[in-house]
Structures are given as C-alpha cells and as structure tokens.
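Coordinates in review
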Amino acid sequence: MLALMGARLQAKTFSNFASICTSSRLSMPNIEIPPLGESIKEGSICAVFKQAGAQVTVDETIAQIETDKVTIDIKSPVTGTLTSFTVKVSDVVIPGQIIAAVESGSSAAPAATPAP
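Since this is a predicted model, take the numbers as computed values, not measurements. (Residues numbered from 1 in each chain as written. Predicted model: local features only at pLDDT ≥ 70, side-chain atom pairs only at ≥ 80, totals over all residues. Heavy atoms only, no water.)

**Things to note about the nonpolar core**
- One finds Ile31, Ile62, Ile74 and Ile99 to be the most contacted residues of the largest nonpolar core, which totals 18 residues.
- Mapped onto this core, the elements with two or more residues apiece are β4 (61–66), β5 (71–75), β6 (80–85) and β8 (98–104).
- Among residues more than four places away in sequence, those in contact with Ile99 are Ile31, Glu32, Ile33, Ile74, Ser84, Phe85, Thr86, Val87 and Val93. (Core = buried A, V, L, I, M, F, W, Y, C linked by side-chain atoms within 4.5 Å. Buried < 20%, exposed > 50% of the residue type's maximum accessible area, 1.4 Å probe, protein only. Helix = DSSP H or I, 4+ residues; strand = E, 2+ residues; numbered from the N terminus. Contact = heavy atoms within 4.5 Å.)

Have a look at this one:
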C-alpha cells in the first residue's frame, strides 16, 4: 500500500515538474507557417527581414512567403529577441512548419530622453 502511495506521489511530482517546464517554455513562442489557402500546400520563402539575435516587436514582419497565388507576411507574435531562424530565401515551407522562435520580453536598451 505504501509503495502504491509513493508511486502516486512520484507521478504527481513529475506531473507538476512537467507543468512547470512547459510553462517556462511558453515565454519562447515558436513562429510557424500559417495556413496558406484552401488549395495551397506549400510556399517559398521569398524574403527574410530579421536574423537570429535581432530584436522584434509584436506583429513585426520577419519574413515573407510566396505561393503561386499570394505573398504572405510572417509576423512575430510577441516583442522580444529572435532566438532561432531555420529557413533562408528560396526554402520551400509548409503550413504548420516552425521556422523561428522568439524569447519574449525586450532586452533592447530603453530610449534616451532628450535633455531639457
């Protein structure tokens, strides 16, 4: 009986630990290719505006995808630092593919205030 209770406690502790780890990963959202259209299965990266290490703001365009029907901006979901960027111009991408990650929060220096 004690062994069973111990196993349940270990499982609960592991579950809490996994939850904490998952929560800490939420501060680094992935940027993925959005749906491209009803009949469009893939597109090509036609422009890259930011590289890993660059500061980005929410809704800032970091890349563009071109299909035979449309060009789509890929935007940052949060303000922060682009920690990875896994595609380059002319790479073929599909909806749902993760192409970058952003560490949320800004490490940019605050703007200087003008002297009176």
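Here the narrative resumes.
**Quick word on the pairing of β8**
- Note: strand β1 (residues 30–32) against β8, three bridges, orientation antiparallel. Looking across to β8, one finds that Ile31 is bridged to Ala100.
- In this structure, β6 lies alongside β8, joined through five bridges in antiparallel fashion. Across the sheet, Gly80 pairs through a bridge with Ser104, a residue of β8. (Pairing = 2+ DSSP bridges.)

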